[in-house]
Amino acid sequence: MSRLLFFQIHEKTLGDIKMADINNAQLEAVLDLIPHQYRGPGGVVGVVKDGQIIATRAWGYSDLSNHQAMTDQTRLPICSISKQFTCGVLLDKIDNLNRLNDRVSAFFPKFRGTIPTIKELCDNQSGLRDYWALSILQGAKAEQTFERDDALPLLAKMKTGHFEPGTRYSYCNGNFRILSELIEAETGESMDALYSEVIWAPAGMDTAVLNSDTRYPTDQVVGYEGNDETGFFPANNGIYWVGDAGISASLQDMLAYEIWIDKTRDDVGGIYRRLSEPPSFRDGTPASYGFGLAHQTVSGVKVTSHGGALRGFRAFRMHAAVERLSVVVMFNHEANTFGAAVSVLQASLGIEATTPHPMPQGWDGQWICRETDLIARLETSKMSGELKFATSSDNVVFGLDGHLEAEGVMLTRDGNTLTMQRDAENMLTTLDSLAAEVAPLDMEIAGCYEAEELEASMVIEIRDGGAYVRIEGMFGSGIMERLHPVGLDTWIMATRRSMDAPAPGDWTLSLSRNDAGHVTGFRLGCWLARQIDYIKIS
């Protein structure tokens, strides 16, 4: 289904980005290309300008086997986009967030550090490790069932965080699960009823629902793993989530939400206006995430946005307040909805992509981050580079003053050492070069290790040149994950599929040795769950 209405805005300037009148033919051409640039079973996209729907698309199939067409009324999981709805309910129902601060500690009976505040949970500044990443270290398999009652015991095992609350940013789904538990306890109502009362009904999101059990997708929609090269296969999900995700909505529902945002833009007490207040860290430094919304600059345009992911599904929405423009993209496959949304925003506002400066040689390599103990890798091409450090890669370009940069990221070089500044995380850290020479496999790494932090164990096996890991924890025995050496006493554990999506990817495993050179343990971490120490017991 396609709809494109003619709509024009006067030419204006935002910073150094010049906006031309909306080119309807250009926008239509970009929309028509999305199914071919982001190939997969199906998807939807819509654009709202000045409170009106100016374009929609729905293509492909929500179920390939049963020939069920994708439409603008097909309800898809919006996944983590649900977080802003949770925070909207919180702001509407709780008059003073600070009065709930003392109740957070009840979720962490073994915690030895500073307990985060409610606001720090909302802003992903809690310092808590992500519970979906931790599920892997508790033996969870990608397809197994994660019941509603499994979440709180997992959170209750935490004893430390990976930074002091309010000082850094790190994405943590558990923050919003805790918020939903507190909201329901405080109001005596379900999140489903509260979402409807506070946002869905006022916004006209007539068919939105809370479907927390991912085993039974709304409208029998099927999500697909795979890609155009490997082919697509149905994703088998089994997690129960609420607060951090769980809402299913159609494109029409999401566009109604964007229209409501525009309609209430001048209401100082409006939900989205309150959600969109610029966040900051404890020391007053501006932050880039607050109340379930990312604050980004995309192609020179300031937006509030969020993405969502579950195995087989991807979603992204963004709203440019000054331009009064919103874009929504949802797929029932795992292609890049952010990239698709950016192309639609650029076409809508007449923004031409800039050509970066040629990338000089000599930047490629790998490093260890002093603050996080995580590996950072940089691979460059003729015009750009890919920095692999956080869960998602950063696409960097060469700056005029000799550094590499992406939105909110800057790399400067001093010999073999890099300095990395990450504004969104409030992080300025040193990256120490890690030589890629790999010695013969050290059989001493084999054995059983325990993590007091997790009350879980890990068995490393080395056989005929291969290294594998088996994890034992509260969710059973995980699959045999691969281990690969990447430098002196440094390995990566590769997790490509997990309960949540995207999976953590590469975990950094750094060996510890005693004075005699024998392996005594290791430190393990990924961006979502850092600096977990294991001790060798056999």
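Residues numbered from 1 in each chain as written. Predicted model: local features only at pLDDT ≥ 70, side-chain atom pairs only at ≥ 80, totals over all residues. Heavy atoms only, no water.

Asker: How should I be thinking about the overall build of the protein chain in this particular structure?
Answerer: Secondary structure summary: the protein chain contains ten helices and 33 strands in total. Against the 2.2 N^0.38 benchmark of 24 Å for 538 residues, the protein chain shows a C-alpha radius of gyration of 23 Å, consistent with a compact globule. In terms of overall dimensions, the protein chain has C-alpha extents of about 75 × 60 × 55 Å along its principal axes. Burial analysis of the protein chain (538 residues in total) assigns 56% to the buried set. When the accessible area of the protein chain is evaluated, it comes to approximately 21900 Å², of which 49% is carbon and sulfur surface. The positive charge centre, built from 47 side chains, and the negative charge centre, built from 71, are 1 Å apart in the protein chain. (Helix = DSSP H or I, 4+ residues; strand = E, 2+ residues; numbered from the N terminus. Rg over C-alpha atoms; globule rule 2.2 N^0.38 Å. Buried < 20%, exposed > 50% of the residue type's maximum accessible area, 1.4 Å probe, protein only. Areas by Shrake-Rupley, 256 points an atom, 1.4 Å probe, with all protein chains shown as cover. Lys, Arg positive; Asp, Glu negative; His and termini not counted. Charge placed at Lys NZ, Arg CZ, Asp CG, Glu CD.)

Asker: Explanation requested: helix α10 (residues 337–349) in the structure shown.
Answerer: Since there are 3.6 residues in each turn of an α-helix, residues three or four apart along the chain are aligned in direction. Between its first and last C-alpha atoms α10 spans 18 Å; for 13 residues at 1.5 Å apiece the expected length is 18 Å, and the two agree. For α10, the buried fraction is high: twelve of the 13 residues fall into the buried class. Of the residues making up α10, those classed as buried are T337, G339, A340, A341, V342, S343, V344, L345, Q346, A347, S348 and L349. In this structure N336 caps α10, since a side-chain oxygen of it lies 3.1 Å from the backbone nitrogen of F338. Phi turns positive one or two residues past the end of α10, at G350, with a value near 70°. (Expected span 1.5 Å × (residues − 1). Polar contact = N/O pair within 3.5 Å; in protein donor to acceptor, adjacent residues only side chain to side chain.)

Asker: Is there a simple way to think about the sheet that holds strand β19 (residues 385–388) in this case?
Answerer: Paired through their backbone hydrogen bonds, the strands of a sheet run either parallel or antiparallel. With antiparallel pairing, eight strands are arranged side by side around a closed barrel as β17-β18-β19-β20-β21-β22-β23-β24. Sheet twist, expressed as the mean angle between neighbouring strand axes with direction ignored, is 30°. (Pairing = 2+ DSSP bridges. Axes fitted to C-alpha atoms, helices over the stretch in contact; angles between N-to-C directions.)

Asker: Would you explain the pattern of salt bridges in this entry?
Answerer: If charged atoms from side chains of opposite charge come close, those side chains can pair. Considering all chains together, one arrives at 39 salt bridges under this definition. A salt bridge links E455 to K159; its shortest N-O distance comes to 2.8 Å. Remark: K159 occurs in the loop between α5 (151–156) and α6 (173–187) and E455 occurs in the loop between β25 (447–451) and β26 (456–463); sequence separation between them is 296 residues. Within this structure, K49, D50, D262, R265 and R324 form a network of salt bridges that share partners. (Salt bridge = Lys/Arg side-chain N within 4 Å of Asp/Glu carboxyl O.)

Asker: Just to check I follow, could you spell out the sheet that holds strand β11 (residues 247–249) for this structure?
Answerer: Read across the open sheet, the three strands follow the order β7-β11-β8; overall the sheet is antiparallel. With partners counted over all chains shown, the strands left at the sheet margins are β7 (76–77) and β8 (209–210), one partner each. One ladder, built from two bridges, connects β7 with β11; its direction is antiparallel. Across the sheet, L76 pairs through a bridge with A249, a residue of β11.

Asker: Quick question: what am I supposed to make of unusual backbone geometry here?
Answerer: If a residue is not glycine, its phi is most likely negative; likewise, a peptide bond is most likely trans. The amide bond that connects A501 to the next residue, P502, takes the cis arrangement and shows omega of -10°. On the secondary structure map, P502 appears in the loop between β30 (490–495) and β31 (505–513).

Asker: Can you help me understand the packing of aromatic side chains in this one?
Answerer: For any pair of aromatic rings, the description consists of the separation of the ring centres together with the inter-plane angle of the planes. All chains considered together, the criterion is met by 18 aromatic pairs. An angle of 35° between the planes, with centres 6.3 Å apart, marks the rings of Y38 and F331 as tilted. Here Y38, found in the loop between α1 (24–37) and β4 (42–49), pairs with F331, found in strand β16 (residues 325–331); they are 293 residues apart in sequence, far enough to count as distant. F331 carries the same exposure label as Y38, and that label is buried. Plain terms: the ring middles of Y195 and W200 are 5.5 Å apart, the flat faces sit at 35° to each other, and that makes the pair tilted. Classification of W200 as buried rests on a relative accessible area of 3%. Here the aromatic cluster, defined as three or more aromatic residues joined through ring pairs, consists of Y131, W132, F146, W241 and F475. When the ring centre of F291 is taken as reference, the NZ or CZ atom of K119 above it lies at 4.6 Å. One residue, R530, lies across the ring of W527, its end atom 3.8 Å from the ring centre. (Phe/Tyr/Trp six-rings, centres within 6.5 Å; stacked < 30°, edge-to-face > 60°. Lys NZ or Arg CZ within 6 Å of the ring centre and 35° of its normal.)

Asker: Quick question: what am I supposed to make of the packing of helix α7 (residues 191–203) against helix α8 (residues 251–263) here?
Answerer: Each packed pair of helices is defined by two parameters, the angle between the axes and the distance between the axes. Across the interface, α7 lies against α8 with an axial gap of 8 Å and an inter-helix angle of 95°. Looking at the two axes, α7 sits roughly perpendicular to α8. On α8, the residues that touch V198, I199, P202 and A203 of α7 are A256, Y257 and W260. A per-class count over the contact of α7 with α8 returns seven nonpolar, no polar and no charged. (Parallel < 35°, antiparallel > 145°, perpendicular 65-115°, else oblique. Contact = heavy atoms within 4.5 Å. Nonpolar A, V, L, I, M, F, W, Y, C, P; charged D, E, K, R; others polar.)

Asker: How should I be thinking about the pairing of β25 in this particular structure?
Answerer: If a strand is regular, its side chains alternate between the two faces of the sheet. Among the five residues that make up β25, four are buried, leaving the element largely enclosed by the rest of the structure. Pairing geometry for β25 and β26, over five bridges, is antiparallel. Bridging across to β26, A451 finds its partner in A456. Here β25 folds back onto β26 in antiparallel fashion, the turn holding four residues, of which E455 has a positive phi close to 55°. Relative to strand β33 (residues 529–536), β25 runs antiparallel, the two sharing two bridges. Residue E450 lies in a different strand from β33, and its bridge partner there is I535.

Asker: Looking at this model, I keep getting lost on the pairing of strand β13 (residues 293–298). Mind explaining?
Answerer: By the criterion of burial, β13 is predominantly enclosed, with five of the six residues buried. Bridge count between strand β12 (residues 289–290) and β13: two bridges; the pairing is antiparallel. Bridging from a neighbouring strand, G290 pairs with L293 of β13. Between β12 and β13, which pair antiparallel in sequence order, lie two residues; one of them, F291, sits at a positive phi of approximately 50°. For β13 and strand β14 (residues 301–310), the ladder comprises five bridges, and the chain directions are antiparallel.

Asker: Please explain the confidence of the model for the protein chain as it appears in this structure.
Answerer: The predicted coordinates of low-pLDDT regions are not to be read in fine detail. Chain-level pLDDT for the protein chain is 94 on average; 96% of the residues reach the 70-or-more range. In this model, residues 1–20 is a region of pLDDT below 50 whose contacts with residues beyond four sequence positions or in other chains number 56 contacts. (pLDDT = per-residue confidence, 0-100.)

Asker: What am I meant to see in the side chain of R129 here?
Answerer: Position of R129 among the secondary structure elements: in the loop between α3 (118–122) and α4 (131–136). For R129, a relative accessible area of 3% gives the class buried. A polar contact of 2.9 Å, which involves the side chain of R129, links it to the backbone oxygen of T160. Reaching out from R129, the side chain makes a polar contact with the backbone oxygen of Q531 at a distance of 3.3 Å. The residues touching R129, leaving out its near neighbours within four places in the chain, are L134, M158, T160, G161, H162, C172, E453, L528, A529, R530, Q531 and I532.

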